[in-house]
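Remarks on the overall topology
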Amino acid sequence: MIPAAKPIIGDEEREAVDRVLRSGMLAQGPEVAAFEAEFSAHVGGRHCVAMNSGTSALHLGFIAAGVGPGDEVIVPSFSFAATANSVALAGATPIFADIDPATFNMDPDHVETLITKKTKAIMPVHLYGHIAAMDRYEEISNKYGVKIIEDAAQGHLASLNGRNAGEFGVVASFSFYPTKNMTAGEGGMVVTDDAEVARVLRLLRNQGQEIRYRNEIVGFNTRMTDIHAAIGRVQLRKLPGWTAQRQANAAYLDANLKGVIVPHVAPGTTHSYHQYTIRIPGGSAEKRDAFMAGLTERGVGSGVYYPTPIHRLPSFMLDLNLPQTELIIKECLSLPVHPSLSQADLETIVSAANEVAAAL
Ligand SMILES: *Cc1c(COP(=O)(O)O)cnc(C)c1O
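Here we summarise the structure given alongside this text. This one's a predicted model, so the numbers in the text were calculated from it and none came from an experiment. (Residues numbered from 1 in each chain as written. Predicted model: local features only at pLDDT ≥ 70, side-chain atom pairs only at ≥ 80, totals over all residues. Heavy atoms only, no water.)

Points about the overall build of the chain
Looking only at helices and strands, the chain features 11 helices and 12 strands. Across the 360 residues of the chain, 54% fall into the buried class. For the chain, long-range pairs separated by at least 24 residues make up 69% of all intrachain contacts whose partners lie at least 6 apart in sequence. Carbon and sulfur atoms make up 54% of the accessible area of the chain, which totals about 14600 Å². In the chain, which carries 30 positive and 38 negative side-chain charges, the distance between the mean positions of the two groups comes to 4 Å. (Helix = DSSP H or I, 4+ residues; strand = E, 2+ residues; numbered from the N terminus. Buried < 20%, exposed > 50% of the residue type's maximum accessible area, 1.4 Å probe, protein only. Contact = heavy atoms within 4.5 Å. Areas by Shrake-Rupley, 256 points an atom, 1.4 Å probe, with all protein chains shown as cover. Lys, Arg positive; Asp, Glu negative; His and termini not counted. Charge placed at Lys NZ, Arg CZ, Asp CG, Glu CD.)

Quick word on the site of the ligand
The full set close to the ligand counts 17 residues, and G54, T55, Q154, S175 and K180 are the nearest of them. With respect to the ligand, the side chain of D151 contributes an N or O atom lying 2.8 Å from a nitrogen atom. Alone, the ligand offers 380 Å² of accessible surface; in the complex the protein occludes 93% of this. At the level of secondary structure, the elements contributing two or more residues to the shell around the ligand comprise α3 (54–64) and α4 (82–89). In terms of residue count, the dominant contributor to the shell around the ligand is α3 (3 residues). Taken together, the residues of the shell around the ligand sort by class into 7 nonpolar, 8 polar and 2 charged. (Near = heavy atom within 4 Å. Polar contact = N/O pair within 3.5 Å; in protein donor to acceptor, adjacent residues only side chain to side chain. Nonpolar A, V, L, I, M, F, W, Y, C, P; charged D, E, K, R; others polar.)

Quick notes on the sheet that holds strand β5 (residues 147–151)
Two modes of strand pairing occur in sheets, parallel and antiparallel, and in both the strands are linked by backbone hydrogen bonds. Read across the sheet, 7 strands follow the order β1-β9-β8-β5-β4-β2-β3 without closing on themselves; strand pairing throughout is mixed. Since the sheet does not close on itself, it has two edges, and those belong to β1 (47–51) and β3 (93–97), each with one partner. The mean angle between the axes of side-by-side strands here comes to 25°, regardless of whether they run parallel or antiparallel. Where strand β8 (residues 171–175) and strand β9 (residues 188–192) come together, 5 bridges link them in antiparallel fashion. Paired with A172 across the two strands is V191, which belongs to β9. Across the sheet, α3 lies against β1, β2 (72–76), β5, β8 and β9, angled at about 170° from β8, the strand it touches most. (Pairing = 2+ DSSP bridges. Axes fitted to C-alpha atoms, helices over the stretch in contact; angles between N-to-C directions.)

Digging into the environment of G301
Mapped onto the fold, G301 is located in the loop between α9 (285–297) and α10 (323–331). In sequence terms G301 and P3 are 298 residues apart; their C-alpha atoms lie 4.9 Å from each other.

Notes on the nonpolar core
If you look at the biggest cluster of nonpolar residues, it comprises 38 residues, and the most contacted ones within it are F35, F39, I74, Y137 and M189. In this structure, M189 is in contact with F35, E36, F39, C48, V49, A50, A57, A172, S173, F174 and F176, ignoring residues within four places of it in sequence. One finds F78, I99, V260 and C332 within the second-largest nonpolar core, a separate group that totals 33 residues. (Core = buried A, V, L, I, M, F, W, Y, C linked by side-chain atoms within 4.5 Å.)

Focus on the side chain of D98
As for its position among the elements, D98 is in the loop between β3 and α5 (108–114). The side chain of D98 is buried and forms no salt bridge, while R312, the nearest opposite charge, is found at 11 Å. Of note is the side chain of D98, whose polar atom sits 3.0 Å from the backbone nitrogen of Q324. Residues contacting D98, with those up to four places away along its chain left out, are M106, D107, H110, L322, P323, Q324 and T325. (Salt bridge = Lys/Arg side-chain N within 4 Å of Asp/Glu carboxyl O.)

Concerning the packing of aromatic side chains
Applying the stated criterion across every chain, the model contains 10 aromatic pairs. Geometrically, the ring pair formed by F35 and F39 is edge-to-face, given 6.2 Å between the ring centres and 80° between the ring planes. With F35 and F39 both in helix α2 (residues 30–40), this residue pair falls 4 residues apart, about one helical turn. Across the pair, F39 and F35 agree in class, each one buried. When the centroid spacing of 6.1 Å and the interplanar angle of 35° are considered together, the rings of F80 and Y306 count as tilted. Taken together, the positions of F80 in the loop between β2 and α4 and Y306 in the loop between α9 and α10 put the pair 226 residues apart, joining distant regions of the chain. Classification of Y306 as buried rests on a relative accessible area of 15%. Taken together, F35, F39, F174 and F176 form an aromatic cluster joined through their ring pairs. (Phe/Tyr/Trp six-rings, centres within 6.5 Å; stacked < 30°, edge-to-face > 60°.)

Here it is, written out as structure tokens:
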């Protein structure tokens, strides 16, 4: 079975962990500081603050950016639940926008219609590694005075006109969960161009203290350990090569898949293919699920990200009309694109998908 996703852990990661274990210093320390400095080089030299998860990075990012009770934050409903959870955890209200079915990302025209006096921020998600319409969000941000916060959990090295994900928002949050384009085991990184926001983030993640036992504010413990940072540093060095391999795999799939809609890449963007997500045309979840079952029979793993829009999850249960979101949840299917695929794997994926498409 070709897995839908596969973290790559090598000897260098094992040696890095061993080095930290031997040092006897396991909690946040020099490895975290080095990881933050090295990550900064990929986000235009912005301040980087490591956290124990992408969700913590989003949650504390909102607090540090001054988003809280009484504020509305516009988010896509077609995303992972953590996108909206982080808004709610900060005490603000998520307002769900529809998507552009071409890129699967939040639709800036719909976002503009949802802005009210309470709107404090908009949070685009760079879904599947396709950067959101950040040029449009910068216009909207200037026009209405709302903040941009990026959910860059899937956006490592995705770019628009030469600017990487993480270089647009007052804060941007990345995830290092094992299936993301790079991992630290678990972990997250908040990126900001504001030194004061960065200072508050460092306080919030460590019980509100910069100097031990001199707690300035009420804070959390969302620190990253040096063990995780050591893994993240090794993976970060490999990220550009892995991204290029994902792009080469996607190019092969683009050129050879038939009877399905392959991922769109908007002008000026670089897609980093966290997922390679096709559409099975027809607007039918049964047809998509049959396609998926056909792939499984042929030894090809695949995944539906995400089968339920966030606003309809039991945790939110809102009655909204988001027609493009409802269409895409029925048609989307993510094929393997990870960098450990061999040429033979790619050929298996293409022949399986084309056989299933021809038979449906
Ligand atoms: C993975 C992910 C998160 C959460 O990151 P964790 O590290 O798992 O907490 C948030 N938003 C999106 C879009 C994600 O894919």
